[in-house]
Amino acid sequence: MAGVAGRLARLWCSGALSSPLQVTRFPALQLHLCGPAMRASQKDFENALNQVKLLKKDPGNEVKLKLYALYKQATEGPCNVPKPGVLDFINKAKWDAWNALGSLPKETARRNYVDLVSSLSASSESSIQVTPAADRKQPGSDALVVTSQDGITTITLNRPDKKNALTTQMYHDIILALEAASKDDSAITVLTGNGDYYCSGNDLTNFTDIPPGGVEEKARSGAVLLRDFVDCFIDFPKPLVAVVNGPAVGISVTILGLFDIVYATDRATFHTPFSHLGQSPEGCSSYTFPKIMGPSKATEMLVFGKKLTAREACTQGLVTEVFPDSTFQKEVWVRLKAYSKLPPNAMRISKQVIRNTEKEKLHAINAEESNVLRERWLSDECMNAVVSFLSKKAKL
Ligand SMILES: CCCCCCCCCC/C=C/CC(=O)SCCNC(=O)CCNC(=O)[C@H](O)C(C)(C)COP(=O)(O)OP(=O)(O)OC[C@H]1O[C@@H](n2cnc3c(N)ncnc32)[C@H](O)[C@@H]1OP(=O)(O)O
């Protein structure tokens, strides 16, 4: 990521972004390239600084790095701090982006910052998917699709190119979708994935999006988000079904212990490589997995990262039933449509009778797991694993 941002920033400085394609992608540059010395006043710059806080859509890490670099260049001039160590990957990415601006004059950096923010504000206003976080009722992006039909609300993870890895926005949106589904008139709620994967777990680029408070602050807010996310599954009042359409990794596996039914294609696998990633179990799996499959099988999965096939997961009790991939969708949906016609109140009450005795305990376990993980995220073991993945040196 640092490389891409650095290359982008270097191109920007060199004026090479003047081709029609690049001007379309960064419309703000058009102003900068076509007019001689269009100046940005200090007031324009301050307005842009305020505007950036009001962006409705997360512009992504590359753009944020660029904003950071331009801000530093505009306020302090060329990069004047020592290069961070190789393991300090977030500060190094920021340093790279700033350093790549070379001797770009402060005034030009200010102008570019103002133009970039104004292009972001324009595209953010024209996006119909986005609503302010505070009153967001629908998913904030198309990475999550929620449909309701035949008494079933289906929440579909929709980032097939990224194996449905969960961004922070998606955690928020799943929370909102579950809250809405708990109150709508559907009888059953389903979580599934689009594409060949069910879900590859936490999106590891979540680790690169560091707030001004630094990594500690990120770990703290990550732990709160994790806890809120898992709490929603613990409290979900209606039958909750996972339709596992392909391999599942990390948190998408651990929360299965909180589902009422798990249907899986025979192509699915179940993998919780927490030790490999320097992390520790979440989703209440430290409690549900030993309970479901016994402590030693749970240890193989959660401590040693043993990957289970769908049939193994079914034998261990994590999966309810396995279907041949060729008939998976058809068989599962016929089954679910039939179940959704059962009296909804009776189903809800029966679920609660089955689950309620454990709720308090599960909330306490969730809180503890989230705290432990917060510490883990700050460990060298975890940081090294994330760096390895992001620099394409490691895969599971
Ligand atoms: C302090 C931070 C807090 C943030 C907020 C946290 C809130 C809660 C956190 C809860 C914690 C959960 C723990 C976990 O879930 S651990 C599991 C994490 N997942 C992984 O480690 C999987 C990593 N991915 C892989 O190993 C492989 O991609 C794969 C899944 C085995 C698939 O391999 P395959 O060769 O088939 O496909 P590609 O690798 O080419 O993947 C296609 C593209 O998708 C990108 N990808 C896939 N998975 C992820 C992921 N988890 N995070 C980010 N990106 C992912 C992959 O990079 C490819 O992208 P590209 O096309 O741009 O190269």
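What counts as what
Residue positions are given per chain, counted from 1 along the sequence in the order it is written. Local features in a predicted model are, by the rule used here, given only for residues with pLDDT of at least 70; side-chain atom pairs are given and counted only at 80 or more, and totals for whole chains, interfaces and linings are based on all residues. UniProt positions are given in the numbering used here, feature names are shortened, and annotations may be inferred rather than shown by experiment. Strands are labelled as partners when DSSP assigns at least two bridges between them. Helix numbers and strand numbers start at the N terminus; a helix is a DSSP run of H or I with at least 4 residues, a strand a run of E with at least 2. Counting other C-beta atoms within 10 Å of a residue's own tells you its class, since 20 or more makes it buried, 12 or fewer makes it exposed, and anything in between is partly exposed; those C-beta atoms are placed from the backbone. For crossovers, right-handed means that the path from the first strand over the helix to the second runs clockwise, given strands pointing away from the viewer. In this analysis an axis means a line fitted to C-alpha atoms, helices contributing only their contacting stretch, and an angle means the value between N-to-C directions, from 0 to 180 degrees. Contact criterion: two residues are in contact if their C-beta atoms, reconstructed from the backbone, are within 7 Å.

Per an unreviewed UniProt entry, the recorded name for the chain is Enoyl-CoA delta isomerase 2, and the organism is Tursiops truncatus. As its UniProt record puts it under Function (unreviewed entry), the chain is described as follows: "Able to isomerize both 3-cis and 3-trans double bonds into the 2-trans form in a range of enoyl-CoA species. Has a preference for 3-trans substrates." Note on the chain: under the UniProt heading Pathway (unreviewed entry), the record states "Lipid metabolism; fatty acid beta-oxidation."

Engineer: Tell me what's going on with the sheet that holds strand S7 (residues 269–271), and back it up with residues and numbers.
Structural biologist: Strand order across the open sheet formed by three strands is S5-S7-S8, with mixed pairing between neighbours. Each edge of the open sheet is held by one strand with a lone partner, namely strand S5 (248–249) and strand S8 (308–309). As paired elements, S5 and S7 share two bridges and run parallel to each other. The residue of S7 that forms the bridge with valine 249 is histidine 271.

Engineer: Go over the pairing of strand S2 (residues 152–157) with me, naming the residues and quoting the values.
Structural biologist: In terms of burial, S2 is a largely internal element, five of the six residues being buried. Judged from the six bridges that link them, strand S1 (residues 144–149) and S2 form a sheet pairing that is antiparallel. The residue of S2 that forms the bridge with glutamine 149 is isoleucine 152. If you look at the hairpin formed by S1 and S2, you'll find two residues sitting between the two strands, and aspartate 150 has a positive phi there, around 50 degrees. Pairing of S2 with strand S3 (residues 188–193) involves six bridges; the strand directions are parallel. Bridge pairing in S3 links leucine 157 to glycine 193. In this region the chain leaves S2, passes through helix H8 (residues 168–183) and returns to the parallel neighbour S3; the handedness of that crossover is right-handed.

Engineer: For the sheet that holds strand S6 (residues 261–265), give the residues involved together with the corresponding values.
Structural biologist: Backbone-to-backbone hydrogen bonds join strands into a sheet, with any given pair of strands oriented parallel or antiparallel. With respect to topology, six strands assemble into an open sheet ordered S1-S2-S3-S4-S6-S9, the strand pairing being mixed. Two strands in the sheet have a free side with no partner beyond their single neighbour: S1 and strand S9 (321–323). With strand direction ignored, the average angle separating the axes of adjacent strands in the sheet is 20 degrees. In the packing of H8 onto the sheet, the strands contacted are S1, S2 and S3, and the crossing angle to S1 comes to about 15 degrees.

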